[in-house]
Amino acid sequence: MNEYSKKMLKVPTYTLLREQDKDKQPVLDVRNLGIDFGGLTAVDGFNITIGPTEISGLIGPNGAGKTTIFNLLTGVYQPTRGSVLINGIDIKGMPTHKVNKLGIARTFQNIRLFTDMTALDNVKVGMHNGIKCSFASSVLHLPSYYRSEKQANEMAMELLDFMSLTDVADQKAGSLPYGVQRRLEIVRALATNPSIILLDEPAAGMNPSETTELMHQIRRIRDTFQIAIFLIEHDMNLVMNVCEAIAVVNYGRIITKGTPDEVRQNPAVIEAYLGREEGKTDAEN
Amino acid sequence: MAMKTLLKNKTTRTNGITYLVVIAVFAVMQVLNGAGLLGSSVKGYLVPICVYISLAVSLNLLVGICGELSLGHAGFMGIGAFSGIVIAALLQDTIPNDVMRLLCAMVGGGILAGVVGFLIGIPVLRLRGDYLAIVTLAFGEIMKNIVGNLYAGIDAQGFHMAISTSKMKLGEGGKYIINGPLGATGVQKLATFTMGFVLVLFTLFVVQNLVNSKEGRAIKAVRDNRIAAESVGINVTAFRMKAFVVSAFLAGMAGALFGLNYSSVTASKFNFNTSINILVFVVLGGMGNILGSVISATVLYVLPEAMRGLQDYRMILYAVVLIVVMLCTWSPKFKEKLSIVSEKIKSLFWGLFKKKEAGTNE
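Given the structure is predicted, the values throughout are model-derived calculations rather than measurements.

Here we take up the overall build of chain B. When helices and strands are tallied, chain B shows 14 helices and three strands. Compactness check: chain B gives a C-alpha radius of gyration of 22 Å against a globular reference of 21 Å for 362 residues, within 12% of the reference. Counting across all 362 residues of chain B, residues that qualify as buried make up 46%. Of the contacts formed within chain B by residues at least 6 apart in sequence, a portion of 73% connects residues at least 24 apart. Roughly 17,700 Å² of accessible area belongs to chain B as shown, and the carbon and sulfur atoms make up 67% of that amount. Side chains of chain B give 31 positive and 16 negative charges; the mean places of these two sets differ by 6 Å.

Facing the 30 residues of chain A at the interface are 27 residues of chain B. Both faces considered, chain A and chain B share a buried interface measuring about 2,500 Å² in area, 62% of it formed by carbon and sulfur atoms. Per-residue buried area on chain A facing chain B is highest for His97, His128 and Phe135 of chain A; these three make up 25% of the total on that side. Counting across the chain A and chain B interface gives one salt bridge. A salt bridge links Arg217 of chain B to Glu149 of chain A; the shortest N-O distance between them is 3.1 Å. Applying the counting rule to chain A against chain B returns twelve residue pairs in polar contact (both at pLDDT 80 or more). Broken down by secondary-structure element, the contributors of at least two residues to the side of chain A that touches chain B are α2 (96-101), α3 (119-126), α4 (135-140) and α5 (143-162) of chain A.

With that out of the way, let us pick up the packing of aromatic side chains. Residues and elements named next belong to chain B. Scanning the model with the defined rule gives 16 aromatic pairs over all chains in all. Taking the centre distance of 6.1 Å and the plane angle of 70 degrees together, the rings of Tyr52 and Phe258 count as edge-to-face. One end of the pair, Tyr52, is in helix α3 (residues 40-65); the other, Phe258, is in helix α10 (residues 236-259), and 206 residues separate them in sequence. The same class applies to Tyr52 as to Phe258, namely buried. Relative to Phe270, the ring of Phe82 has its centre 5.9 Å away and its plane inclined at 80 degrees; by these criteria the two rings are edge-to-face. Taken together, the positions of Phe82 in helix α4 (residues 73-90) and Phe270 in the loop between α10 and α11 (272-285) put the pair 188 residues apart, joining distant regions of the chain.

Scanning all chains against the criterion turns up zero disulfides over all chains. Here Cys133 of chain A is not cross-linked by a disulfide; its sulfur's nearest cysteine counterpart is in Cys66 of chain B, at 19 Å. Its relative accessible area of 11% is what places Cys133 of chain A among the buried residues.

Before going further, it helps to examine the confidence of the model for chain B. Residues and elements named next belong to chain B. Looking at chain B as a whole, its pLDDT mean stands at 86, while 94% of the residues score no less than 70. Summarising per-element confidence for chain B, the mean pLDDT is lowest in helix α1 (residues 2-8) (50) and highest in α10 (94). Across the whole predicted complex the pTM is 0.86, and at the interface the ipTM reaches 0.85.

Residues and elements named next belong to chain B. Strand order in the open sheet made by the three strands is β2-β1-β3, with antiparallel pairing throughout. Across the chains shown, the open sheet's two edge strands, defined by having one partner strand only, are β2 (158-162) and β3 (175-179). Within this sheet the neighbouring strands show an average axis-to-axis angle of 15 degrees, counted without direction. Where strand β1 (residues 151-155) and β3 come together, four bridges link them in antiparallel fashion. Looking across to β3, one finds that Gly153 is bridged to Tyr176. The sheet strands contacting α4 are β1, β2 and β3, and the helix crosses β3 at an angle near 170 degrees.

Where burial is concerned, most of helix α8 (residues 214-224) of chain B is hidden: ten out of the eleven residues are buried. Here α8 of chain B has its buried residues at Lys214, Glu215, Gly216, Arg217, Ala218, Ile219, Lys220, Ala221, Val222 and Asp224 of chain B.

All names here are of chain A. For the structure on display, the rule yields 19 salt bridges over all chains. Note that Asp36 and Arg81 form a salt bridge whose closest N and O atoms lie 3.1 Å from each other. Placement of Asp36 in strand β1 (residues 28-37) and of Arg81 in strand β4 (residues 81-86) is noted, with a sequence separation of 45 residues between them. Owing to a relative accessible area of 27%, Asp36 belongs among the partly exposed residues under this scheme. With a shortest N-O distance of 2.8 Å, Asp44 and Arg253 are connected by a salt bridge. With Asp44 in strand β2 (residues 40-50) and Arg253 in strand β10 (residues 253-258), the pair connects residues that are 209 residues apart, well separated along the chain. For Asp44, a relative accessible area of 10% gives the class buried. Note on Arg253: relative accessible area 26%, which makes it partly exposed.

Here the focus is the sheet that holds strand β5 (residues 89-90) of chain A. All names here are of chain A. Overall, antiparallel pairing links the four strands, which are arranged β2-β1-β4-β5 in an open sheet. In this open sheet, the two strands that pair with only one neighbour each are β2 and β5. Where β4 and β5 come together, two bridges link them in antiparallel fashion. Across the sheet, the residue bridging to Ile86 is Ile89, located in β5. Contacts from helix α1 (residues 66-73) reach β1, β2 and β4, with the element oriented near 115 degrees to β1.

Below, the discussion takes up the environment of Asp29 of chain A. Residue and element names in this part refer to chain A. The residue Asp29 is located in strand β1 in this model. Sequence spacing of Asp29 and Ile89 is 60 residues, and the spatial spacing of their C-alpha atoms is 9.3 Å. With sequence-adjacent residues up to four places away left out, Asp29 is seen in contact with Ile48, Thr49, Ser83, Val84 and Leu85. In this structure the side chain of Asp29 is engaged in a polar contact, spanning 3.0 Å, whose partner is the side chain of Arg31.

All names here are of chain B. Among the five residues that make up β1, four are buried, leaving the element largely enclosed by the rest of the structure. Of the pairings in the sheet, the one linking β1 to β2 comprises five bridges and is antiparallel in character. Across the sheet, residue Ala152 finds its bridge partner in β2, namely Met161. Taking the residues that link successive antiparallel strands as the turn, the β1-β2 hairpin has two residues.

Our focus in this paragraph is the side chain of Arg182 of chain A. Turning to its location among the elements, Arg182 of chain A is positioned in helix α6 (residues 178-190). Apart from the residues within four sequence positions on either side, Arg182 of chain A is in contact with Phe108, Gln109, Ile111, Asp200, Glu201, Pro202, Ala204 and Met206 of chain A.

Cut-offs and rules
Residues numbered from 1 in each chain as written. Chains lettered and ligands numbered in written order. Predicted model: local features only at pLDDT ≥ 70, side-chain atom pairs only at ≥ 80, totals over all residues. Heavy atoms only, no water. Helix = DSSP H or I, 4+ residues; strand = E, 2+ residues; numbered from the N terminus. Rg over C-alpha atoms; globule rule 2.2 N^0.38 Å. Buried < 20%, exposed > 50% of the residue type's maximum accessible area, 1.4 Å probe, protein only. Contact = heavy atoms within 4.5 Å. Areas by Shrake-Rupley, 256 points an atom, 1.4 Å probe, with all protein chains shown as cover. Lys, Arg positive; Asp, Glu negative; His and termini not counted. Charge placed at Lys NZ, Arg CZ, Asp CG, Glu CD. Buried area = accessible area lost by both parts, 1.4 Å probe. Salt bridge = Lys/Arg side-chain N within 4 Å of Asp/Glu carboxyl O. Polar contact = N/O pair within 3.5 Å; in protein donor to acceptor, adjacent residues only side chain to side chain. Phe/Tyr/Trp six-rings, centres within 6.5 Å; stacked < 30°, edge-to-face > 60°. Disulfide = S-S within 2.5 Å. pLDDT = per-residue confidence, 0-100. Pairing = 2+ DSSP bridges. Axes fitted to C-alpha atoms, helices over the stretch in contact; angles between N-to-C directions.

Encoded structure:
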């Protein structure tokens, strides 16, 4: 047990790294993370390690601090305690746009697309730092501008195609259906060329068939791009089927970590979701 | 074929139309001027119209594309005007060619305005919304007052500049370029309609190219959703700054042309009213709509001038026109009718174009 783990409740000491990730540096290493808002402790003693190609989930009742954790991981909030390492680099004091450049991209619970721009342009904004074109070249439209734009267009179309969004490329992002907007946000996050992608309730507002498709797509993203995925989701069907490791939080603290089966049977989880009650044995499903 | 793919792209098409409209109007005005059909008062409007078009388009970059409300655009215009006048006066002997001297003055005025824009951008761009508007408003007033108390002149020893009369000591035969509250007097009128046209084209070129590049996308992204823009690795402050500086630079250039169009210019010309006027051009032309800014700047500049005959009533009529336009553009019914008309015009235009193309294929 290291010094960070002292505060934690029952957390398994083993990590849930996939076989192929065993000897590699974790893409996300969070140690004893905590944040206070005034007197309120929103998150405390949060630890997690995510391997380079792991799909992990973060679940917990409403108001447990899940989105706050995502905001801490992406530099939107500065933590009061603890540290976040992305690919081994501490993000302490970094603004959000620099944290993104370290290789972490995210989607938002309440979709945040650039609503007045086309779907294609949304993806191209995501590729911003990957497009090699100087300011002068942008203003004067030098040959390098046309070259980089053509490349960006092709790549963006490929990414849209990957999430079957080719048809809506020219439509304004704000006019797209809800489920499509969610998928577009994932594409935009992917366009930043991340090594880990955080999905904040990707299935919210989707119908069952859309959710099933999303499950396949999440796995496909991992397999194709070889990146880690960390998701918050209330749809237990999706979480239990897609995630290889799950962390459960309540009141800003991790109450347990483990494989889907372990989490499902953990009495602490059942209590967090359903409250203490005699005779209850099954948490979800 | 290449033309066809180019025309398919909507943004290239709109940009092309904007250039075409500007070039066509310029050509018509040149022909009319050549035929001696333009009255002296109309001739007098030509350069200011070009200046206000450039100002409106550059402010549109800031207000429409970047989504920042600035009320101090006339301040940048003033910086450009007075520095342009000084530069033109200083270069009188070095560069005898009027056009070259005007160009130097415009570029110099633009650069100075851009630098000032950068400096005030450092603190100002930390603010958002109303605060930015208030600070830029104050900036415009401060600039007006500084320039209104500025003395600059040349004598045998060279260039002198001071902020009060007592400190300003010009030698024998010295000449004031800027004389405090009296403003710049005895300015050599270098501005021409052709240069105004070139300025408008340059402004359109810079703004439209910028908007259609990755920089422009980032600027629009910052406007649409700041948090999301940050999350995809865009430095929000840097892009607001880029838009601010480019806008100030273009306003400075336009200001220099404006200053060199009159024999005397006072600082009070660049007051809050001017800033608001430019903003009205942008708002009425449509936020982020470049061609709209061009048209509304032209119409709204000409309108009060054309109504001079109505004397006291002209500003009332001006206000009525503004209100009517705003009501009309808000009304869904009017919009519907407008779109029907524009569709008809479009189909007519494309019909002609297609016929032509079919003709060439045969």
